[in-house]
Number of protein chains: 2
Amino acid sequence: MAPIPNGRALFAAIPKGFPIPGETIVYDATETIDLENVPLNGGFLIKVLALSIDPYLRGMLRPPEVSSYIPALTVGAPIVSAGVGVVLRSDLADVVVGSYILGSFPHKEYFVAPSLGGTARIRILERDPRLPLSTYIGVAGMPGETAYMGWREFSKAKKGEVVFVTTGAGPVGSMVIQIAKQDGLKVIASAGSDEKVQFMEDIGADVAFNYKTTEVRDVLSQEGPIDIYWDNVGGDTLDAAMEHANAFARFLECGQITGYSTGVQPMKNPMLMVNKSLTFNGFMVRNLRAKHTEGFLAEVVPKLADGTYKYTEDITRGLDKVGEVLLGVLKGANTGKAVVVVADE
Amino acid sequence: MAPIPNGRALFAAIPKGFPIPGETIVYDATETIDLENVPLNGGFLIKVLALSIDPYLRGMLRPPEVSSYIPALTVGAPIVSAGVGVVLRSDLADVVVGSYILGSFPHKEYFVAPSLGGTARIRILERDPRLPLSTYIGVAGMPGETAYMGWREFSKAKKGEVVFVTTGAGPVGSMVIQIAKQDGLKVIASAGSDEKVQFMEDIGADVAFNYKTTEVRDVLSQEGPIDIYWDNVGGDTLDAAMEHANAFARFLECGQITGYSTGVQPMKNPMLMVNKSLTFNGFMVRNLRAKHTEGFLAEVVPKLADGTYKYTEDITRGLDKVGEVLLGVLKGANTGKAVVVVADE
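Residues numbered from 1 in each chain as written. Chains lettered and ligands numbered in written order. Predicted model: local features only at pLDDT ≥ 70, side-chain atom pairs only at ≥ 80, totals over all residues. Heavy atoms only, no water.

Chain A is annotated in an unreviewed UniProt entry as Enoyl reductase (ER) domain-containing protein of Mycena chlorophos.

Now the structure itself:
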């Protein structure tokens, strides 16, 4: 068979603020691949089916000399994010053709993985047939793990307490809402559109509001004070949460998206940490997996499969859309987990 | 016996910035007391011997409508702080004349306590004869408890780690330094005079520096990164500690004195909490006593009594000096635990 184009989404230039589709992330179709003859060198050939687009990607689009918790991507090389694919050819006995594969994928239609494991955490997916493949890079994957593992490790949630969840319609926030409701808490949740507010109400949030049209401090004055704050946004919302926190409140610092593209915002009154005996835990899911994967598989995945836990996906077709989808995620335009479908199964 | 003057240090007016001796804290000698005949009403009469002057007092000199973790003092009434005294008369069978008493004391030469316990935590002192009475409002009292209990509860210290302690010559900081050294850590410590630097070196700090003449970021660049930060100061030093923290570092938020009189300072980059998986614990010693008093009495007090743990006291005589001493504490003028001695035993 002749070589065919192997489309790629490239990190073309370092963005100053928000990424610019076509400038900082560029689709390129000039590379080709011969699927039957490309050397595997002991590895296996993956056809990429779906790629996850998450806010943290913005942090990887930076100069390599700026240190962070995630490596900088290389300018000129493909974007890398969580992906799911299927094995077309394999040199490895334990990687059978037709297996589904999860891991950190380069944004290409096809690529050869050298082995299982590694820094890309390439692994075979044991799929629940009731769950769409895309959920394994969403609520049944890293974002769902983030919600469950962060909550179990740091929330110290007690029945009857009040939690405030930001980005409550996203894959992390929506899972936090549902796990918190299951734990018997009162849930206040915010997001940036009326459609998202509706979804947060549908999944059980006691108080759901659109932060673009409702003052967060008004809501927290009326419905708080809060015992737990799930932070995905930072900035002024974090300040408001601190002002309306009870003594001994726990702050789960999962992300601070408001600062990702436009520069970090200060915390106005850190003295409230002392005054109110607050606890803050910054965390990354990768450090929680050893302890909580078993619980996630036992508690969360079955509830997703049987419909107890609900989710939404915002699916876009085509690797050429990666830049636009990431921009949308950073601006809050997506409703539900943002996924780029590269090919059908 | 005729009534005698009962001197008092009064909270006369709410300070805008630093308290002003003679204006916001005023000594008053117009009240009198008849020591033999003042009615006890079932309580006991205390002769005040020494009073503790701590930074947190500034937070009590505020309008009552401003909420905080400690009650506002009443304008026109005496200052209140930790004190030690001796019983002159008693209606209570279990409070013997001559007993030493600890608790939250009004700043008066004499006062009648209605009972043991209560919000003032009035209690009989079981004194180690090797320790001066004043240490029971210092390193053997609340500040020492704060150091030990905060450290044991939140530091998660491991041998070989690096801790940065601020106000390292004060009663809290100096105890943190010595406990951390005993736990096998490398200790970096800061204070605001060369005399204090000398004391910090004497008690075992590996690196001691004067933050007024040495850049904290230079020291942390060279001697860090740090695994634990003991915060008594907040402000730019907290920012520097975050910049030079290792992943998974613990921040013990004991106080942020830089903001007490001149207004709170923001935290510049709270996103570092996420990027570095930092933990912040704001705390107050009163919430740790139930769990850690036994350990404090077993581990710390004997080491103070036998001279293993060292301390300094900065003693001023006379209730009329309370305003000046507090101002000195807030500006870092004292070396060692600030105590006002009201009368001799």
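Q: Give me the overall build of chain A: which residues, what numbers.
A: Counting secondary structure elements, chain A contains nine helices and 17 strands. The C-alpha radius of gyration computed for chain A amounts to 21 Å, which stays within 12% of the reference 20 Å derived for 345 residues, consistent with globular compactness. For chain A, the spread of C-alpha atoms along the principal axes amounts to about 65 × 40 × 35 Å. Each of the 345 residues in chain A was classed as buried or not, and the buried ones make up 57%. Accessible area for chain A stands at about 13700 Å²; split by element, carbon and sulfur atoms hold 54% of it. Averaged over its 32 positive side-chain charges, chain A has a centre that lies 3 Å from the centre of its 39 negative ones. (Helix = DSSP H or I, 4+ residues; strand = E, 2+ residues; numbered from the N terminus. Rg over C-alpha atoms; globule rule 2.2 N^0.38 Å. Buried < 20%, exposed > 50% of the residue type's maximum accessible area, 1.4 Å probe, protein only. Areas by Shrake-Rupley, 256 points an atom, 1.4 Å probe, with all protein chains shown as cover. Lys, Arg positive; Asp, Glu negative; His and termini not counted. Charge placed at Lys NZ, Arg CZ, Asp CG, Glu CD.)

Q: So, the interface of chain B and chain A: which residues are in play, and what are the values?
A: If you look at the interface, chain B gives 28 residues, while chain A gives 28 residues. Of the roughly 2300 Å² buried between chain B and chain A, counting both surfaces, carbon and sulfur atoms make up 63%. Summed over the shared surface of chain B and chain A, the result is zero salt bridges. Counting every contact that joins chain B to chain A gives eight residue pairs in polar contact (both at pLDDT 80 or more). Mapped onto the side of chain B that touches chain A, the elements with two or more residues apiece are strand 14 (245-253), helix 7 (271-275) and strand 15 (279-282) of chain B. For the side of chain B that touches chain A, a count of residues per class yields 15 nonpolar, 11 polar and two charged. Where strand 15 (residues 279-282) of chain A and strand 15 of chain B come together, three bridges link them in antiparallel fashion. What sits directly across from Thr279(A), in strand 15 of chain B, is Asn281(B). (Contact = heavy atoms within 4.5 Å. Buried area = accessible area lost by both parts, 1.4 Å probe. Salt bridge = Lys/Arg side-chain N within 4 Å of Asp/Glu carboxyl O. Polar contact = N/O pair within 3.5 Å; in protein donor to acceptor, adjacent residues only side chain to side chain. Nonpolar A, V, L, I, M, F, W, Y, C, P; charged D, E, K, R; others polar. Pairing = 2+ DSSP bridges.)

Q: An account of the environment of Tyr136(A) is requested, with residue identities and associated values reported.
A: Residues and elements named next belong to chain A. Summarising the element assignment, Tyr136 is placed in the loop between strand 9 (123-124) and helix 2 (142-154). Residue classification places Tyr136 among the buried residues on the basis of a relative accessible area of 8%. As for Tyr136 and Val84, which are separated by 52 residues in sequence, their C-alpha atoms are 7.5 Å apart. Excluding its chain neighbours within four sequence positions, the residues that come into contact with Tyr136 are Leu102, Leu125, Glu126, Arg127, Asp128, Leu131 and Gly141.

Q: Tell me about the packing of aromatic side chains, residues and numbers included.
A: Applying the stated criterion across every chain, the model contains 16 aromatic pairs over all chains. Geometrically, the ring pair formed by Tyr148(B) and Phe296(B) is tilted, given 6.0 Å between the ring centres and 55° between the ring planes. A residue pair is termed long-range when its members are at least 10 positions apart, and Tyr148(B) in helix 2 (residues 142-154) and Phe296(B) in helix 8 (residues 289-305) qualify at 148 residues. Exposure class is identical for Tyr148(B) and Phe296(B). Each is buried. Above the face of the Phe18(A) ring, Lys331(A) is positioned so that its terminal group lies 4.8 Å from the ring centre. (Phe/Tyr/Trp six-rings, centres within 6.5 Å; stacked < 30°, edge-to-face > 60°. Lys NZ or Arg CZ within 6 Å of the ring centre and 35° of its normal.)

Q: Pulling in residues and values, what's your account of the pattern of salt bridges?
A: Residues and elements named next belong to chain A. Scanning the entire structure with this criterion turns up 38 salt bridges over all chains. We note a salt bridge from Lys108 to Glu31, for which the minimum N-O separation is 3.3 Å. Residue Lys108 is located in the loop between strand 7 (100-106) and strand 8 (110-113), and its partner Glu31 is located in the loop between strand 3 (25-28) and strand 4 (32-33); the two are separated by 77 residues in the primary sequence. You can call Glu31 partly exposed: its relative accessible area is 24%. When the shortest N-O distance is used, the salt bridge between Glu161 and Arg250 registers 2.5 Å. Of this pair, Glu161 sits in the loop between helix 2 and strand 10 (162-165) while Arg250 sits in strand 14 (residues 245-253), and the two are 89 residues apart along the sequence. Judged by its relative accessible area of 9%, Arg250 is buried.

Q: Quick one: what's the story with the relation of the copies chain B and chain A, residue by residue and with numbers?
A: Mapping chain B onto chain A calls for a rotation angle of 180° and an axial translation of 0.0 Å; the resulting RMSD is 0.0 Å. Such values leave the two copies arranged in the relation of a two-fold axis. A high fraction, 100%, of the interface residues of chain B reappear at the interface in chain A, so the copies pair face to face through one surface. (Least-squares fit on C-alpha atoms with pLDDT ≥ 70 in both.)

Q: Please provide a residue-by-residue account of helix 3 (residues 171-182) of chain B, values included.
A: Under the 1.5 Å per step criterion, the end-to-end length of helix 3 of chain B is 17 Å for 12 residues, consistent within 8% with the ideal 16 Å. Listing the buried residues of helix 3 of chain B in full gives Pro171(B), Val172(B), Gly173(B), Ser174(B), Met175(B), Val176(B), Ile177(B), Gln178(B), Ile179(B) and Ala180(B). (Expected span 1.5 Å × (residues − 1).)

Q: Tell me about the side chain of Asp239(B), and please be specific about residues and values.
A: All names here are of chain B. You can see Asp239 is positioned in helix 6 (residues 235-243). When its relative accessible area of 4% is taken as the criterion, Asp239 is described as buried. Filtering out sequence-adjacent residues up to four positions away, Asp239 remains in contact with Arg217, Pro266, Met267, Lys268 and Asn269.

Q: Any chance you could break down the sheet that holds strand 15 of chain B for me, citing the residues and the numbers?
A: The strand order across the open sheet formed by 12 strands is 12(A)-11(A)-10(A)-13(A)-14(A)-15(A)-15(B)-14(B)-13(B)-10(B)-11(B)-12(B), and the pairing between neighbours is mixed. At either margin of the open sheet sits one strand with a lone partner, and together these are strand 12 (207-210) of chain A together with strand 12 (207-210) of chain B. Neighbour-to-neighbour, the strand axes of this sheet turn through a mean angle of 15°, independent of strand direction. Relative to strand 12 of chain B, strand 11 (residues 186-191) of chain B runs parallel, the two being bridged by four bridges. When the bridges of strand 12 of chain B are listed, Ser190(B) appears paired with Phe209(B). (Axes fitted to C-alpha atoms, helices over the stretch in contact; angles between N-to-C directions.)

Q: Any chance you could break down the domain arrangement of chain A for me, citing the residues and the numbers?
A: Residues and elements named next belong to chain A. Segmenting chain A into domains produces domain 1 (4-138 + 311-341) and domain 2 (142-287). With centres defined by C-alpha atoms, the gap from domain 1 to domain 2 works out at 29 Å. Counting residues at the interface gives 23 residues for domain 1, matched by 15 residues for domain 2. Between domain 1 and domain 2, a total of about 1400 Å² is buried, with carbon and sulfur atoms accounting for 60% of that surface. Contact with domain 2 buries surface across domain 1, with Tyr69, Gly138 and Thr335 losing the most and accounting together for 30% of the total. Tallying contributions element by element places helix 9 (residues 322-331) first for the side of domain 1 that touches domain 2, with three residues. Taken together, the residues of the side of domain 1 that touches domain 2 sort by class into 11 nonpolar, seven polar and five charged. (Domains from an automatic or database assignment.)

Q: A description of the side chain of Asp28(B) should follow, citing residues and the corresponding values.
A: All names here are of chain B. Along the chain, Asp28 turns up in strand 3 (residues 25-28). For Asp28, a relative accessible area of 14% corresponds to the buried category. Within the structure, Asp28 has its side chain in polar contact with the side chain of Thr30 (distance 2.9 Å). With residues near it in sequence (within four places) discarded, Asp28 still touches Asn6, Gly7, Arg8 and Leu10.

Q: Summarise the packing of helix 2 of chain B against helix 3 of chain B; cite the residues concerned and give the values.
A: All names here are of chain B. Across the interface, helix 2 lies against helix 3 with an axial gap of 8 Å and an inter-helix angle of 40°. Classified by the angle their axes make, helix 2 and helix 3 are oblique. Viewed along their axes, helix 2 and helix 3 form a crossing whose handedness is right-handed. Facing Pro143, Gly144, Thr146, Ala147, Tyr148, Trp151 and Arg152 of helix 2, the residues of helix 3 in contact are Pro171, Val172, Met175, Val176, Ile179, Ala180 and Gln182. Within the contact of helix 2 with helix 3, the residues separate by chemical class into 10 nonpolar, three polar and one charged. (Parallel < 35°, antiparallel > 145°, perpendicular 65-115°, else oblique. Left-handed = near helix turned anticlockwise from the far one by under 90°.)

Q: I'd like to hear about the UniProt feature "domain: Enoyl reductase (ER)" (unreviewed entry) in chain A, residue by residue, with values.
A: Within the UniProt annotation, "domain: Enoyl reductase (ER)" (unreviewed entry) is assigned to residues 22-340 of chain A. As annotated, residues 22-340 of chain A comprises 27% helix and 25% strand, and the C-alpha atoms at either end are separated by 16 Å. (UniProt positions renumbered as here; feature names shortened; annotations may be inferred.)

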